[in-house]
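Each chain is listed here by its residues.
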Amino acid sequence: FSVTRVFAESGPIEALVPRLLQALCESLGWELGEFWRVEDDTLRWDASWHVPALDPGTFDAVSRDIAFPVGVGLPGRVWTAGRALRVEDVQREAGFVRAIAAAQIELRAACAFPIRSEQGLTGVVVLMSRDAREPDDALLTMLTDVGNRIGQHLELRRAERELVRQRDVLYQSEKLAALGRLVAGVAHEMNNPLSIISSRIELMLAEAEGQIFPTQHLEDLKVVHRNVLRVAGVAQALRSFARQSTGERRPASLNTVVEETLLL
């Protein structure tokens, strides 16, 4: 019931795991809970919860630096077994690599169970206590079942989060498509008057040939014509953007750019 109540709460999946650990520990009387997530081919410490009377600072620091492969340590053995396992005394357990750190805060009993979904093992939950615990096969069976339910729910949460991300991507794509249509329309509206201006200037320049025409006025017409073509190039670039095509690249004379800038 406690685990299901946590499932009913909203919030990010990262904040869900510590609340699950707290619900398990408080319901079953354990003093420390850990979640070891699957990362590549190992299990790594991901989150923990403990009762206020316990100070697991050093123990957590040691845990963060450890990676358990399949079959190694309590989390690794649970990975291999695919079911909940228990340890009567971690301080005396052969192969318990955190025995010294556990002894410093007097941790003894431990049990662990896999978090499994249809996609496979997601992680392992480890519960620990300073008090000795009697063997309880019914508890281990229940924890194995709870682990499967937690794994299914976490997978559902991840799927929901992925759907939200894909929805945001789709919304952004629709915005970009609308922007492309707007840009294409703007470029088209720009191109029409620019074509008229450009052709009229070209006619004026052609008519000025062989006639007495102020040199400065002729240069001004040429400057206007070049910049009309420049704006037309911008319009063409906008149309290329709307078509999601690649732009055209070609060599440019920096001297010419400076000279035209000075003329402006």
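Trainee: Before we move on, could you go through a nonpolar patch on the surface and cite the residues and values that matter?
Mentor: Taken together, Leu176, Leu179, Leu182, Val186 and Phe241 make up a surface patch of nonpolar side chains, about 440 Å² in accessible area. Looking at the nonpolar patch, the element that brings in the most residues is helix 6 (residues 137-208), giving 4 residues. Along the chain, leucine 179 turns up in helix 6. Judged by relative accessible area, leucine 179 falls into the partly exposed class, the value being 37%.

Trainee: Kindly report on empty space enclosed by the protein, identifying the contributing residues and their values.
Mentor: Taken as a whole and judged by the stated rule, the model has 1 cavity of 30 Å³ or more. In this structure, the largest cavity is lined by Val17, Leu20, Leu21, Leu24, Phe35, Ile115, Val125, Ile150 and Leu154. Looking at the lining of the largest cavity, the elements that each hand over two or more residues are helix 2 (13-28) and helix 6. Sorting elements by how many residues they give to the lining of the largest cavity places helix 2 first, with 4 residues. For the lining of the largest cavity, the class distribution of residues is 9 nonpolar, no polar and no charged.

Trainee: Could you give an account of the nonpolar core, naming the residues involved and the relevant values?
Mentor: Ranked by size, the top nonpolar core spans 55 residues in total, and within it Phe113, Met128 and Ile150 carry the most contacts. Among the elements that take part in this core, helix 2 stands out by supplying 8 residues, more than any other. When neighbours within four sequence positions are excluded, isoleucine 150 is seen to be in contact with Val3, Phe7, Leu20, Leu24, Phe113 and Ile115. Leu194, Ile201, Leu205 and Leu221 belong to the second largest nonpolar core, which has 5 residues in total.

Trainee: Describe the packing of aromatic side chains, and please don't skip the residues or the numbers.
Mentor: Inspection of every chain in the model, using the stated rule, returns 1 aromatic pair. Taking NZ or CZ as reference, arginine 133 lies 4.0 Å from the ring centre of tryptophan 30, over its face.

Trainee: Tell me about the pattern of salt bridges, and name the residues and values.
Mentor: Taken as a whole, this structure holds 11 salt bridges when the rule is applied. Notably, a salt bridge pairs arginine 92 with aspartate 89, separated by 3.7 Å at the nearest N-O pair. Note on arginine 92: relative accessible area 74%, which makes it exposed. Since its relative accessible area comes to 13%, aspartate 89 is described here as buried. The structure contains a network of salt bridges with shared partners spanning Arg37, Glu39, Arg44 and Asp46.

Trainee: Any chance you could break down the packing of helix 2 against helix 6 for me, citing the residues and the numbers?
Mentor: At a minimum axis distance of 12 Å, the contact between helix 2 and helix 6 shows a crossing angle of 165 degrees. It follows from the interaxial angle that helix 2 and helix 6 lie roughly antiparallel. With respect to the hand of their crossing, helix 2 and helix 6 are arranged in right-handed fashion. Only Leu139, Met142, Leu143, Val146, Ile150, His153, Leu154, Arg157, Arg158 and Arg161 of helix 6 make contact with helix 2, whose side of the interface consists of Ile13, Glu14, Leu16, Leu20, Leu24 and Leu28. Residues belonging to the contact of helix 2 with helix 6 are distributed by class as follows: 11 nonpolar, 1 polar and 4 charged.

Trainee: Mind laying out the environment of valine 17, listing which residues take part and the relevant values?
Mentor: Along the polypeptide, valine 17 turns up in helix 2. Sequence spacing of valine 17 and leucine 154 is 137 residues, and the spatial spacing of their C-alpha atoms is 9.1 Å. Setting aside residues up to four positions removed in sequence, valine 17 forms contacts with Phe35 and Ala47.

Trainee: Describe the pairing of strand 1 (residues 32-39), with residues and values.
Mentor: The pairing of strand 1 with strand 2 (residues 42-50) spans 8 bridges and is classified as antiparallel. Counted as the bridge partner of glycine 33 is tryptophan 49 from strand 2. Here strand 1 folds back onto strand 2, and the loop between the two strands holds 2 residues, one of which, aspartate 40, carries a positive phi near 60 degrees. Across 6 bridges, strand 1 lies against strand 6 (residues 120-129) in antiparallel orientation. Among the inter-strand pairings, leucine 32 is bridged to a residue of strand 6, identified as methionine 128.

Conventions used here
Residues numbered from 1 in each chain as written. Predicted model: local features only at pLDDT ≥ 70, side-chain atom pairs only at ≥ 80, totals over all residues. Heavy atoms only, no water. Patch = residues over 30% accessible without salt bridge, like charges linked within 9 Å, V, L, I, M, F, W, Y side chains within 5 Å. Areas by Shrake-Rupley, 256 points an atom, 1.4 Å probe, with all protein chains shown as cover. Salt bridge = Lys/Arg side-chain N within 4 Å of Asp/Glu carboxyl O. Helix = DSSP H or I, 4+ residues; strand = E, 2+ residues; numbered from the N terminus. Buried < 20%, exposed > 50% of the residue type's maximum accessible area, 1.4 Å probe, protein only. 1 Å grid on protein atoms, 1.4 Å probe; cavity = no way out; pocket = protein on both sides within 12 Å on 5 of 7 lines; lining within 4 Å. Points joined across faces, edges and corners; volume = space filled by probe spheres on them. Nonpolar A, V, L, I, M, F, W, Y, C, P; charged D, E, K, R; others polar. Core = buried A, V, L, I, M, F, W, Y, C linked by side-chain atoms within 4.5 Å. Contact = heavy atoms within 4.5 Å. Phe/Tyr/Trp six-rings, centres within 6.5 Å; stacked < 30°, edge-to-face > 60°. Lys NZ or Arg CZ within 6 Å of the ring centre and 35° of its normal. Axes fitted to C-alpha atoms, helices over the stretch in contact; angles between N-to-C directions. Parallel < 35°, antiparallel > 145°, perpendicular 65-115°, else oblique. Left-handed = near helix turned anticlockwise from the far one by under 90°. Pairing = 2+ DSSP bridges.

Any link to function would need more than the numbers given here.
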